[in-house]
Amino acid sequence: MSNIEELNSPFDPFADVEEEKAPKTTNYIHLRIQQRNGRKTWTTLQGLPKEYDFKKILKTFKKEFACNGTIVDDEELGQVLQLTGDQRLKIAEFLVKEEIAKKSDIKIHGF
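So, how was this worked out
- Residues numbered from 1 in each chain as written.
- Predicted model: local features only at pLDDT ≥ 70, side-chain atom pairs only at ≥ 80, totals over all residues.
- Heavy atoms only, no water.
- UniProt positions renumbered as here; feature names shortened; annotations may be inferred.
- Helix = DSSP H or I, 4+ residues; strand = E, 2+ residues; numbered from the N terminus.
- Buried < 20%, exposed > 50% of the residue type's maximum accessible area, 1.4 Å probe, protein only.
- Core = buried A, V, L, I, M, F, W, Y, C linked by side-chain atoms within 4.5 Å.
- Contact = heavy atoms within 4.5 Å.
- Axes fitted to C-alpha atoms, helices over the stretch in contact; angles between N-to-C directions.
- Parallel < 35°, antiparallel > 145°, perpendicular 65-115°, else oblique.
- Left-handed = near helix turned anticlockwise from the far one by under 90°.
- Nonpolar A, V, L, I, M, F, W, Y, C, P; charged D, E, K, R; others polar.
- Phe/Tyr/Trp six-rings, centres within 6.5 Å; stacked < 30°, edge-to-face > 60°.
- Pairing = 2+ DSSP bridges.

As annotated in an unreviewed UniProt entry, the protein carries the name SUI1 domain-containing protein and is attributed to Syncephalastrum racemosum. Its UniProt record gives the protein a comment under Sequence similarities (unreviewed entry), which states: "Belongs to the SUI1 family."

**Looking at the environment of V72**
Within the fold, V72 resides in strand β3 (residues 69–74). Overall, the relative accessible area of 32% leaves V72 in the partly exposed class. Each C-alpha atom of the pair V72 and T44 lies 9.6 Å from the other, and the pair is 28 residues apart in sequence.

**So, the nonpolar core**
Formed by 19 residues in total, the largest nonpolar core has its most connected members in L45, L48, F61, L81, I91 and L95. Broken down by secondary-structure element, the contributors of at least two residues to this core are β1 (29–35), α2 (54–65), β4 (78–84) and α3 (88–97). Sort the elements by how many residues they give to this core and α2 lands first, with five residues. Non-local contacts of I91, meaning those with residues more than four positions away in its chain, are made with L31, T43, L45, F61, F65 and L83.

**Some thoughts on the packing of α2 against α3**
Remark: α2 packs on α3, axes separated minimally by 12 Å, with the N-to-C direction vectors making an angle of 120 degrees. Our classification of the angle between α2 and α3 gives oblique. Classified by chirality, the crossing of α3 by α2 is right-handed. Note on element contacts: α3 touches α2 through K90, I91, F94, L95 and K97, opposite T60, F61, E64 and F65. Residues that form the contact of α2 with α3 fall into these classes: five nonpolar, one polar and three charged.

**Things to note about the packing of aromatic side chains**
This model, assessed by the stated rule, comprises three aromatic pairs. A ring pair is formed by F61 and F65, whose centres lie 5.4 Å apart and whose planes are at 20 degrees; its orientation type is stacked. Of this pair, F61 and F65 both sit in helix α2, four residues apart, which is roughly one turn of the helix. Residues F61 and F65 agree in their burial class; the two are buried. Relative to F94, the ring of F65 lies with its centre 6.4 Å away and its plane at 85 degrees, an arrangement referred to as edge-to-face. With F65 in helix α2 and F94 in helix α3, the pair connects residues that are 29 residues apart, well separated along the chain. Each member of the pair F65 and F94 is classed as buried.

**Some details on the pairing of β4**
On a regular strand, one side chain projects to one face of the sheet and the next to the other, so that they alternate. Counted residue by residue, β4 has five buried out of seven residues, so it is predominantly covered. One ladder, built from four bridges, connects strand β2 (residues 41–46) with β4; its direction is antiparallel. Note on β4: the bridge partner recorded for T43 is L83. Looking at chain direction, β3 and β4 are connected through six bridges and run antiparallel. What sits directly across from G69, in β4, is L83. Counted along the chain from β3 to the antiparallel partner β4, the turn is three residues long.

Below you can see the structure in the form of structure tokens.
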């Protein structure tokens with residue numbers, strides 16, 4: 001195809017990008033902190049692979065970090081682990097140490 005033919009062909013800049021050219025997305029594990037009331041906070045863990053047993057992981061977190069927690073079922077996000085207090089760094093270290101996730105797959109959000 002010559003350059004002249006390329007200029008005459010219609011080009012739609014708003015057309016959807018082909019899936020082959022789209023960047024490959026990875027599933028990240030998100031650790032967030034949410035303010036409750038006063039000085040109290042929640043730590044939420046979202047995006048954990050489904051092949052893991054959430055109840056066993058929650059039980060281990062509660063024992064290891066001396067905190068309370070629960071599993072919340074969300075329509076869009078799936079199962080989300082909620083722990084009391086700011087446990088983001090401890091959870092990230094635990095997931096890397098137990099080889100559940102790589103350090104590059106964990107996103108820590110919050111203040």
